[in-house]
Amino acid sequence: MGVGHWVAQHLLIPPLFIMKEQSLDKPTVESGVKWFVIVNPISGSGRGLDHFPQISKLLRDNDIRCEAVFTEHKCHATELTVFAVEQGYRHIIVVGGDGTLHEVVNGLFIQKRVAPSEVTVAVISVGTGNDWIRMYGIPTKYSAAVRAIKEGYTFLQDVAEVEYEESLYRQKRYMANVAGVGFDAAVIKRTLQSNAKGYLGAWGYMWCLVRTFFKHKSTGIKLWVDDRLVYNNLLFSIAIGVGRYNGGGIQQLPIAVADDGLLDLTLIRPVHWWNVVFRIRRLFNGSIYTIGHVMHAQGKKIRIESSPEIPLEVDGELLGETPVTISVLHREVRVIVNKSFLDKIK
């Protein structure tokens, strides 16, 4: 019996949970509401600032009332989200990338005025990876993204609570898309270092991915899914998520469902470079699990320990390191989606 089959057969069946109703047949955002717009001016190498006049005009032309504020430092979007909710806003537009959305989602959980699901979040993506919007068919074209906001169709998606180690203290964040331990986090680390030195251009992430692949070494990992040990061996990388895409379009979790109350996992065992190079298309077309060194699992709670400790990234943000515990929170954030996405899942 292969390791992948063993993992699948030894996962616990998740317990029943209270379902929050999805509204798939009609818009849930009333016309005339006022939106709080959080703009990350440095997102997408400055596109947030350069393109916002065009985005602002599109919002006005579509009669979308809004107040815009620009972020000024890291985690400022989190602070602005807390402020907006405290001021009575229940609709927030993110003009930024996956990292900006990550900060906004964390702000929703920090504030205690209302439940996170009572605030509707929309994204006009100006980032580089744009992985979260791919899940919901939200266009990168600004006019189409604004039209989706005007139409007002929403979806309650799962998020995950991530606990990790940083500077010898336990920390907590909330994940809107995908987290990575091992190779994924090493790529983010190299990308950030190269960005800081001004080395990267448009293909910077892919260049860092290739360089890291040839340098990264597998690590001894213990993995628990729903409190059951399912893996104890060398592992190259792990991706955990409620979304399907990361790394600028790689379908590392191709069968993830964003509201099923489960975390999807992709485990990559030690792999030689030729096993990837000749199967590179499978990383992008949703058939990653046909690669022999790749396994799939699902569960509501994930715990990862390693020796030595290895870094963690969440939604493209480099955080702390192992040990890591990730728990799903079912249908906790309401997001604007493209109507075509809802038509597909009805």
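Up top you'll find the structure we're talking about.
Source: prediction; values computed, not measured.

A. Molecular detail of the pairing of strand S15 (residues 301-307). Side chains Ile 302, Ile 304 and Ser 306 project from S15 onto a buried face, and the interleaved Lys 301, Arg 303, Glu 305 and Ser 307 project onto a face without burial. Of the pairings in the sheet, the one linking strand S8 (residues 219-225) to S15 comprises six bridges and is antiparallel in character. Following the sheet pairing, Lys 222 is matched in S15 by Glu 305. Note: S15 against strand S17 (residues 317-336), four bridges, orientation antiparallel. Bridge pairing in S17 links Ile 304 to Val 324.

B. Molecular detail of the side chain of Asn 130. With respect to the helices, strands and loops of the structure, Asn 130 is situated in the loop between strand S4 (120-125) and helix H6 (131-135). Exposure remark for Asn 130: the relative accessible area of 11% places this residue in the buried category. Those residues in contact with Asn 130 that lie beyond four places of it in its chain are Asp 98, Ser 125 and Thr 140.

C. Structural view of the pattern of salt bridges. In total, this model carries ten salt bridges according to the counting rule given. Glu 161 is paired through a salt bridge with Lys 172; the nearest N and O atoms lie 3.6 Å apart. Here the residue Glu 161 occupies a position in strand S5 (residues 154-166), and Lys 172 occupies one in strand S6 (residues 169-175), the gap between them amounting to eleven residues. Its relative accessible area of 18% is what places Glu 161 among the buried residues. The closest approach of N and O atoms between Arg 170 and Glu 165, which form a salt bridge, is 3.4 Å.

Basis of the calculations
Residues numbered from 1 in each chain as written. Predicted model: local features only at pLDDT ≥ 70, side-chain atom pairs only at ≥ 80, totals over all residues. Heavy atoms only, no water. Buried < 20%, exposed > 50% of the residue type's maximum accessible area, 1.4 Å probe, protein only. Helix = DSSP H or I, 4+ residues; strand = E, 2+ residues; numbered from the N terminus. Pairing = 2+ DSSP bridges. Contact = heavy atoms within 4.5 Å. Salt bridge = Lys/Arg side-chain N within 4 Å of Asp/Glu carboxyl O.

Purely geometric numbers; function is a separate question.
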